[in-house]
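Notes for the structure review
Each chain is listed here by its residues.
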Amino acid sequence: MAENRIILHIDMNAFFASVEQQSNPALQGKPVAVIGAAKRTIITTCSYEARAFGVRTGMNSWEARQKCPELIFVVGNNKKYSYTSKQIIGIMREYTPLVEVFSIDEAFLDVTGSLSLFGSAEEISRMIKERIRERFGLTCSVGIAPNKLLAKLASDMQKPDGLTVIAPDQVARVLERLPIQHLCGIGAKTHQQLAAFGIRTCGELARFPVEVLKKKFGVTGERLHYMGLGVDDTPVVPEEEAEEVKSVGHSTTLDTDRSLRSEILAVLLQLSEMVGRRARKYRVTGKTVTLTVRYPDFTTFSRQMSRSAPTNNSDEIYRDAVQILDQLELAQPVRLLGVRLTNLSHQAEQLPLFESERKKALVTSAMDHVNNRFGDFSVTFGTLLGKECGAKVISPAWKPEGVRNVDAD
């Protein structure tokens, strides 16, 4: 096991809302909720002033308004958040090359090798916090611990603008009565399954027979045992060393529930083009297309089909998505649609053999060039002209480089 590591987890506080408050001084000190551009959307994030009223991420806008009548809705500006995030990540990389971007507003830093240059982990954390505050007017919470699991736990302990240290000799005491759901990686389903065994705290999880956990959860059971002990050997992996991305996908919540096939197809075409363009940009192809559907009652399901040959062609992705759709009997109108390309492989950059396919590839390349430069759907299919299927929002899996860098307007 890795020993004597010092890991930071830096988590920006109410990131999107805080960026908006800094961009517009009239919003400072007021309850703000960032939403998508669609007529019907959910709260992407909200300021701490809004949270004091019970407004939460993922809440419907009408429900949030009931909680806080004075709530100010701001349509998110993803390019602004992406730019700010990249600059903040740049600041972090000045203190260590070992920076793993966990999402658009949080990252892990291994500063073990940086102490001789910058002093203690606390000093490094304070310097980073101060530089972010001076340049952007933003605050972040930092957790310092011997591993990533505990560093993320520590960063959640004091918000906003906190700095928490979990030293090696404090781990057992901190975890003994800590509810298991506070650990990153234990979601609602796992929490429920562990509770059925009478396991509610990390101390109880650590003492529970590991063989029983392995029988119930397979190889994950041993991982859960170590989590209860606060043990985590996973390294901080910079983006350039990370494993290849396993999927390219995009989903959207529709502005109104859709039942008409023609309207659903227009959405699928737009999503397929977004997926195809990103796949082409990073020269990956996929053999499996997945369609995700959500109903107004939040029932969500996915269906997929495998292709005989991999593709990143938007038309082919779209046709497969339509084929999946036609095999479904939709029981309700559609609230959300998603298209995803998986089973990926990297392709060599070469033109197709047949002339018709070469012309198609060249036209597609020209469209991609224009859209990459001037924004999504500056050039698009005629059937999509004047149609907006829903808000384009940054996924929690956003990365500053690579295929997950969705530069949505």
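Conventions adopted
- Residues numbered from 1 in each chain as written.
- Predicted model: local features only at pLDDT ≥ 70, side-chain atom pairs only at ≥ 80, totals over all residues.
- Heavy atoms only, no water.
- Helix = DSSP H or I, 4+ residues; strand = E, 2+ residues; numbered from the N terminus.
- Buried < 20%, exposed > 50% of the residue type's maximum accessible area, 1.4 Å probe, protein only.
- Contact = heavy atoms within 4.5 Å.
- Areas by Shrake-Rupley, 256 points an atom, 1.4 Å probe, with all protein chains shown as cover.
- Salt bridge = Lys/Arg side-chain N within 4 Å of Asp/Glu carboxyl O.
- Pairing = 2+ DSSP bridges.
- Phe/Tyr/Trp six-rings, centres within 6.5 Å; stacked < 30°, edge-to-face > 60°.
- Lys NZ or Arg CZ within 6 Å of the ring centre and 35° of its normal.
- Expected span 1.5 Å × (residues − 1).
- Core = buried A, V, L, I, M, F, W, Y, C linked by side-chain atoms within 4.5 Å.
- Axes fitted to C-alpha atoms, helices over the stretch in contact; angles between N-to-C directions.
- UniProt positions renumbered as here; feature names shortened; annotations may be inferred.
- pLDDT = per-residue confidence, 0-100.

When helices and strands are tallied, the chain shows 15 helices and 12 strands. Looking at the chain as a whole, 47% of its 409 residues qualify as buried. Pairs at least 24 residues apart make up 65% of the contacts formed inside the chain by residues separated by at least 6 positions. Put simply, the chain shows about 20,400 Å² of open surface, and 52% of that area lies on carbon and sulfur atoms.

This part is about the pattern of salt bridges. For the coordinates displayed, the defined rule picks out 15 salt bridges. The closest approach of N and O atoms between Asp-161 and Lys-129, which form a salt bridge, is 2.8 Å. Pair noted here: Asp-161 is in the loop between α7 (148–155) and β8 (163–165) and Lys-129 is in helix α6 (residues 121–136), with a separation of 32 residues, a long-range link. Residue Asp-161 is classed as partly exposed on the basis of its relative accessible area of 31%. Each of Asp-11, Asp-156 and Lys-159 takes part in a single network of salt bridges with overlapping partners.

Moving on to the pairing of strand β2 (residues 32–35). What you see with β2 is no split at all: Val-32 and Val-34 on one side and Ala-33 and Ile-35 on the other are buried throughout. In the sheet, β2 pairs with strand β4 (residues 72–75) via four bridges, with the strands oriented parallel. The residue bridging Val-32 from the neighbouring strand is Ile-72, located in β4. Of the strand pairs in this sheet, β2 and strand β3 (residues 45–46) are connected by two bridges, and their pairing is antiparallel.

Within the structure shown, the criterion is met by six aromatic pairs. Seen from their ring centres, Phe-102 and Phe-108 are 5.4 Å apart, and the 75° between their planes marks the pair as edge-to-face. Measuring from ring centre to ring centre gives 5.6 Å for Tyr-295 and Phe-301, while their planes differ by 65°; the resulting arrangement is edge-to-face. The buried category is assigned to Tyr-295, whose relative accessible area is 6%. Given a relative accessible area of 17%, Phe-301 falls into the buried group. Through a chain of ring-to-ring contacts, the aromatic side chains of Phe-15, Phe-16 and Tyr-81 assemble into a single cluster. Looking at Arg-51, its charged tip hangs above the ring of Tyr-48, at a distance of 4.5 Å from the centre. Sitting over the face of the ring of Phe-108, Lys-148 holds its NZ or CZ atom 5.2 Å from the ring centroid.

Moving on, we get to helix α4 (residues 78–93). In this model α4 runs 22 Å from its N-terminal to its C-terminal C-alpha over 16 residues, within 8% of the 22 Å that 1.5 Å per residue would give. Three or more residues of α4 are buried, namely Asn-78, Tyr-81, Ser-82, Thr-84, Ser-85, Ile-88, Ile-89, Ile-91 and Met-92.

Formed by 29 residues in total, the largest nonpolar core has its most connected members in Leu-8, Phe-15, Ile-88, Leu-109, Ile-132 and Leu-138. For this core, the secondary structure elements donating two or more residues are β1 (7–12), α1 (15–23), α4, β5 (99–103), β6 (106–110), α6 and β7 (140–145). Val-267, Leu-291, Leu-337 and Val-339 belong to the second largest nonpolar core, which has 27 residues in total.

Here the focus is the sheet that holds β3. Strand order in the open sheet formed by three strands is β3-β2-β4, and the pairing between neighbours is mixed. Looking at which strands have only one partner, the edges of the open sheet turn out to be β3 and β4. Against the sheet, α1 touches β2, β3 and β4, its axis set at about 110° to β2.

A few words now on the UniProt feature "active site" (unreviewed entry) in the chain. Mapped onto this structure's residue numbering, the UniProt feature "active site" (unreviewed entry) falls at Glu-106. In this structure, Glu-106 sits in strand β6. Look past the residues within four positions of Glu-106 in its chain and what remains in contact with it is His-9, Ile-10, Asp-11, Val-101 and Lys-152.

Attention now goes to unusual backbone geometry. In this structure, the amide linkage connecting Lys-159 to the following residue, Pro-160, adopts the cis form with an omega of -5°. You can see Pro-160 is positioned in the loop between α7 and β8. One non-glycine residue, Asp-161, adopts positive backbone phi at about 60°.

Turning our attention to the pairing of β1. Among the six residues of β1, six are classified as buried, and the element is accordingly described as predominantly covered. When β1 meets β6, the two strands line up antiparallel, connected through five bridges. Residue pairing for β6: Ile-7 is matched across the bridge by Asp-110. Relative to β7, β1 runs antiparallel, the two sharing six bridges. Paired with Ile-10 across the bridge in β7 is Val-142.

Relative to the helices and strands, Gln-327 is located in the loop between α14 (314–326) and β12 (334–346). The spatial distance from the C-alpha of Gln-327 to the C-alpha of Arg-303 is 9.5 Å, given a sequence separation of 24 residues.

Bringing α1 into the picture now. A large share of α1 lies buried, amounting to seven of its nine residues. Those residues of α1 lying buried are Phe-15, Phe-16, Ala-17, Ser-18, Val-19, Glu-20 and Gln-21. Against the buried residues of α1 lie β1, β2, β3, α2 (48–51), β4 and α4.

With that out of the way, let us pick up the confidence of the model for the chain. Looking at the chain as a whole, its pLDDT mean stands at 85, while 82% of the residues score no less than 70. Across residues 390–394 the pLDDT falls below 50, and counting only partners more than four positions away or on other chains, this stretch makes 22 contacts in the model.

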